[in-house]
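One letter stands for each residue in the lines below.
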Amino acid sequence: MSGASGTGAGANGAPADSRGYEGFGGFVAEVASASIPSWPPRVRAREGAPNVIVVLLDDLGFSDLSPFGSEIDTPAVQQLAESGYRFTNYHSTPVCSPARAALLTGLNPHRAGFASVVHADPGFPGYVMEIADDVPTIAESFRASGYATFMVGKWHLTTESKMHDGADKASWPLQRGFDRYYGSMDGFTTLFHPHRLVSDNSPVTVDEFPDDYYLTDDLTDRAVGMIRGLRANDADKPFFLYFAHHAVHGPIQAKAADIEKYRGAYERGWDHIRSERFARQVRDGLFPPQTVPAPRNEEPLAPVTAWDDLGDEQRALFARYMEVYAAAVDNVDQNLARLVDALRESGEYENTIIVVASDNGGTGEGGAEGTRSYFSQFVQLAGLPADWERDVDRDPSLIGGPRVFAHYPAGWAYASNTPFRLYKGATYEGGIRVPLVVSWPAGLPRDAGDDGVRDQYTFVTDLGQTLLSLAGVKPLASRTGLPAKEVDGVPFDEVLRDADAPAPRTEQYSEFAGNRAFVSGRWKIVTDHRWTDAFTDAEWRLYDLADDPTERVDLAGEHPERVAELAGKWRASAWSNTVFPLGDDGSLFTHRPSTELELERPVTLYPGTPTLERFRASKLTKLRSFDVEVRADLASGEGTLVAHGDQGGGYALQVSDGRLTLAYNEYGRMHRVTVPVAALGGRDVTLRFEAVPGIRWLIGVEAGGERVAELGPVLQLVGMAPFTGISVGVDRGGPVDWDVYEQRRSFPFSGVLHAVRYVPGAKAEENPEVIVPIERELARIYE
């Protein structure tokens with residue numbers, strides 16, 4: 001055979017009509033000895049490209065870090081601020097998912113599809129709750145430029161109905177630009193017994209967490225491990241790490257030693273703490289001396305009582321909440337120090353950009369009194385019965401530990417957001433102005449005389465674009481063959497280099513749940529909307545942020561023409577950013593697409609099945625009647641037959657000492673009913689949960705068609721409870737019954753368990769959910 005190519009050969013030697021050699025850069029003959037190999041070039045980051053780390057805390061207030069006035073011990077963040085830059089006028093969104101979408105995409109939150117948290121999909125462009133195919137994330141841009149991309153922690157950018165194991169994973173972290181992922185994709189979780197962890201694209205099955213387990217530590221271990229794994233294989237490749245903490249979102253929990261550190265630190269109360277924090281803020285040049293803090297919040301849904309007006313027992317209890325919160329923040333800083341130490345050890349700290357920020361302001365979700373039963377306090381359901389218990393009485397010493405799902409009172413959020421007004425969810429500054437620290441010793445060294453404080457207006461949409469600009473990474477121009485949407489973010493790297501540089505952004509809209517705001521230079525209009533009120537321009541209040549950054553003096557009556565001008569700008573921005581429709585009838589949170597109906601079909605679970613994901617499990621049980629059919633030889637062993645939930649609320653069916661026990665955890669209040677196994681005659685058992693008026697269940701235990709025991713009526717578990725999904729043959733994650741857990745741990749069933757079947761029944765009369773047939777709606781729109 002000849003080594004020469006045939007007649008009509010292409011440039012690489014192959015015949016013109018051959019296939020598969022198009023664009024090949026070498027030379028191909030019919031034998032290897034006469035051919036020249038070629039390899040595609042490897043994509044590498046530019047020489048000297050910095051690593052980039054974004055550390056995002058959850059629900060952390062403006063003043064909760066020491067560089068922003070806090071008494072909480074955060075030396076690692078303090079060191080970054082002292083060598084880098086802290087922003088006093090950085091703004092985010094009122095709640096978490098929109099902030100994360102804006103940071104990662106550079107789009108305004110509604111344009112990114114995240115008008116709210118990802119617990120609803122009412123069928124409008126601003127509420128899609130997924131990043132579109134034509135929107136690259138900064139992780140995808142970093143990866144395309146030769147970076148390794150890692151993420152640990154909270155994702156919260158996948159709609160609830162697509163978080164289960166059988167879902168389309170196009171919106172999961174690995175499909176949106178990250179090489180590795182470890183954390184919880186849900187909006188929050190517990191720090192001692194996370195309800196669901198995901199590694200890359202798969203659930204992590206943990207029957208029992210070690211006694212010393214703490215999620216913030218675990219996430220840091222994983223992040224450091226990812227970096228070291230990269231360095232073991234590539235000494236030069238830069239990385240982008242998105243470290244999205246679950247702390248300090250409720251339920252607030254902390255390690256005992258960290259709580260002890262703050263014992264007694266908050267006995268003087270929130271008024272005193274806020275006053276001290278503000279004094280430090282002025283001392284450090286964050287605000288001019290003439291600034292006056294906003295007064296104590298008095299809005300109907302978020303009132304704060306003067307600390308001195310509280311009783312002794314209240315003050316002791318409320319101080320404990322803040323000790324836990326401070327301890328959780330402290331632990332985040334300890335773990336940041338561990339991460340920085342790992343960078344120093346490898347010689348990479350100087351050329352690493354590190355950002356520390358919060359997703360929104362501190363939250364008043366705990367209510368005026370705080371709560372030791374977070375999920376009963378967190379319920380957002382009309383018509384709750386008068387005897388609904390929002391704070392189940394628990395031993396205060398348990399607050400912060402794994403047995404109590406707690407949150408601090410709104411008064412501590414008032415202190416967290418010093419010196420601003422209101423909290424998370426509001427478009428007042430307390431909801432949206434948050435701390436931001438940026439450090440890059442090699443690339444952004446501070447000039448002599450520069451205190452590192454920056455007061456130019458910046459927005460979360462700008463942050464990711466700034467990081468790309470600093471790293472010299474070009475944003476992707478297309479994705480999945482589609483031209484990339486134009487970004488809204490404006491890099492503010494010049495502000496970092498020059499304290500006197502003008503703010504690159506002067507105008508920005510905000511909206512969440514009808515709360516609206518618009519900033520134009522020094523002027524801001526804002527509403528404190530109640531869902532029963534009409535959307536009118538009479539709602540607008542006007543503030544001069546240059547003279548009144550804490551929004552104390554409403555100037556709307558003095559400048560109606562300016563209010564009208566800014567209201568028109570807000571409306572134009574709303575239309576161009578898919579903000580409309582505004583919610584006026586509750587449908588944005590109650591209408592669900594008919595595609596979710598498949599999640600309500602009966603399901604059979606076998607021993608060894610990974611824990612059924614929270615939302616997937618809730619479609620079988622939430623605000624409805626349902627049956628749990630257990631097929632087992634009850635006399636063949638001991639242990640857990642089925643468990644759904646944790647210390648925040650749930651139920652478990654277990655066999656022990658010859659007795660079958662149904663344990664029901666009613667948001668922290670325990671109920672139990674037992675039946676001798678011998679009396680069941682070895683028959684299969686069915687739990688019948690009957691929805692009765694008052695948002696309650698009457699629970700029957702039946703064997704052979706005969707009711708052998710009954711429990712209730714008890715309050716239904718609604719909202720985010722049961723939080724841990726359904727496990728069969730073991731009580732995984734956080735235990736439902738702590739007494740059993742102390743004696744038997746996860747208590748796996750030692751006998752013969754065939755399967756457990758869930759059969760959903762009729763919905764409760766209080767269920768507000770409306771299923772919209774999407775095929776019918778599409779036909780109506782396009783007919």
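Residues numbered from 1 in each chain as written. Predicted model: local features only at pLDDT ≥ 70, side-chain atom pairs only at ≥ 80, totals over all residues. Heavy atoms only, no water.

1. A closer look at the overall build of the chain
The following threshold applies: Numbering of helices and strands starts at the N terminus; helices are DSSP runs of H or I of at least 4 residues and strands are runs of E of at least 2. Throughout this description, buried means an accessible area under 20% of the type-specific maximum (1.4 Å probe, protein chains only), exposed means over 50%, and partly exposed covers the range between. By the convention used here, residues are in contact when the closest approach between their heavy atoms is within 4.5 Å. Computed with the Shrake-Rupley method and a 1.4 Å probe, the accessible areas treat only the protein chains shown as cover for residues. The charged-residue count follows a simple rule in which Lys and Arg add positive charge and Asp and Glu add negative charge, with His and chain termini not counted at all. Taken as the charge location is NZ of Lys, CZ of Arg, CG of Asp or CD of Glu.
In terms of helices and strands, the chain carries 17 helices and 31 strands. Seen through its principal axes, the chain has C-alpha atoms that stretch 90 × 85 × 65 Å. Within the chain, the proportion of its 783 residues that are buried is 60%. Residue pairs in contact within the chain that sit at least 24 positions apart in sequence constitute 72% of those at least 6 positions apart. Looking at the chain as shown, the accessible area adds up to about 29400 Å², and 51% of this sits on carbon and sulfur atoms. Counting 76 positive and 111 negative side-chain charges, the chain places the centres of these two groups 2 Å from one another.

2. Describing helix H2 (residues 96–105)
Across the 10 residues that make up H2, a large majority, 10, are buried. Within H2 the residues assigned to the buried category are Cys-96, Ser-97, Pro-98, Ala-99, Arg-100, Ala-101, Ala-102, Leu-103, Leu-104 and Thr-105. The elements touched by buried residues of H2 are strand E1 (51–57), helix H3 (138–144), strand E8 (239–244) and helix H11 (460–471). One or two positions beyond H2, positive phi appears at Gly-106, with a value near 80°.

3. Some words on the side chain of Arg-394
Short version of the rule: Take a side-chain nitrogen of Lys or Arg and a carboxyl oxygen of Asp or Glu: if they are within 4 Å of each other, that pair is a salt bridge.
Considering the arrangement of structural elements, one finds Arg-394 in the loop between helix H8 (374–377) and helix H9 (410–416). Buried charge Arg-394 goes without a salt bridge, the closest partner of opposite sign being Asp-393 at 7.8 Å. Here Arg-394 is in contact with Arg-372, Arg-403, Val-404, Gln-647 and Gly-668, once residues within four sequence places are set aside.

4. Quick look at the packing of H2 against H11
Rules: For helices, the fitted line uses only the C-alpha atoms of the stretch in contact; every axis is such a line through C-alpha atoms, and the angle between N-to-C directions lies from 0 to 180 degrees. Under this scheme an angle from 65 to 115 degrees is roughly perpendicular, one under 35 degrees roughly parallel, and one over 145 degrees roughly antiparallel; angles in between are oblique. Each crossing gets its hand from how the near helix is turned against the far one by less than a right angle, where anticlockwise is left-handed and clockwise is right-handed.
Two elements in contact, H2 and H11, have axes separated by 6 Å at closest approach and are oriented at 30°. With respect to their mutual orientation, H2 and H11 come out roughly parallel. The crossing of H2 and H11 is right-handed. Here Ala-99, Ala-102, Leu-103 and Thr-105 of H2 lie close against H11, whose contacting residues are Val-460, Thr-461, Leu-463, Gly-464 and Gln-465.

5. Considering the nonpolar core
Note the threshold: Only buried residues count toward a nonpolar core. Its members are Ala, Val, Leu, Ile, Met, Phe, Trp, Tyr and Cys residues joined through side-chain atoms within 4.5 Å.
Judged by nonpolar contacts, the single largest core of 148 residues is most densely connected at Phe-142, Phe-240, Leu-241, Val-356 and Trp-412. It is helix H7 (residues 312–345) that provides the largest number of residues to this core, a total of 17 residues. Those residues within four positions of Trp-412 in sequence are excluded, and the remaining contacts are Tyr-266, Gly-269, Trp-270, Ile-273, Trp-307, Phe-318, Ala-319 and Met-322.

6. Observations concerning the sheet that holds strand E10 (residues 436–439)
Quick note on the threshold: Paired strands, in this sense, are two strands between which DSSP finds at least two bridges.
The sheet built from 10 strands is open, its strands ordered E7-E6-E5-E4-E8-E1-E9-E10-E2-E11 with mixed pairing. With one partner strand each, in any of the chains shown, strand E7 (202–204) and strand E11 (453–454) form the two edges of the open sheet. Note: strand E6 (residues 197–199) against E7, three bridges, orientation antiparallel. From the neighbouring strand, Ser-199 faces E7, where its bridge partner is Ser-202. Strands in contact with helix H1 (residues 75–83) are strand E2 (85–87), strand E9 (352–358) and E10; relative to E10, the strand with the most contacts, it is inclined by about 65°. The strands that H11 touches are E1, E9 and E10; relative to E9, the one it contacts most, it runs at about 175°.

7. Side note on the packing of aromatic side chains
Aromatic ring pairs are reported here in terms of the distance separating the ring centres and the angle at which the planes meet. Applicable threshold: Any two of the Phe, Tyr and Trp rings considered here, Trp counted by its six-membered ring, make a pair once their centres fall within 6.5 Å; the pair's planes then place it as stacked at under 30 degrees, edge-to-face at over 60, or tilted in between.
One pass over the structure, following the stated rule, counts 40 aromatic pairs. Look at Trp-388 and Tyr-667: their rings are 5.6 Å apart centre to centre, the planes differ by 55°, and that puts the pair in the tilted class. Of this pair, Trp-388 sits in the loop between H8 and H9 while Tyr-667 sits in the loop between strand E24 (659–666) and strand E25 (669–676), placing them 279 residues apart in sequence. When sorted by exposure, Trp-388 lands in the same class as Tyr-667, which is buried.

8. A few points about the confidence of the model for the chain
Caution applies to low-pLDDT regions: their predicted coordinates should not be interpreted in detail. The cut-off we apply is this: Scored from 0 to 100, pLDDT records how confident the predictor is in each individual residue.
Looking at the chain, pLDDT values average 95 and 97% of them are 70 or higher. Within the model, pLDDT remains below 50 along residues 1–8, and this stretch shows 12 contacts once partners closer than five positions in the same chain are excluded. Segment residues 777–783 is flagged for pLDDT under 50; beyond a separation of four residues in sequence, or across chains, it makes one contact in the model.

9. Re the environment of Gly-430
With respect to the helices and strands, Gly-430 occurs in helix H10 (residues 429–432). Along the sequence, Gly-430 and Ala-413 sit 17 residues apart, while their C-alpha atoms lie 9.0 Å from each other. In this structure Gly-430 touches Gly-361, Gly-362, Asn-417, Phe-420, Arg-421, Leu-422, Tyr-423 and Lys-424, once residues within four positions along its chain are discounted.

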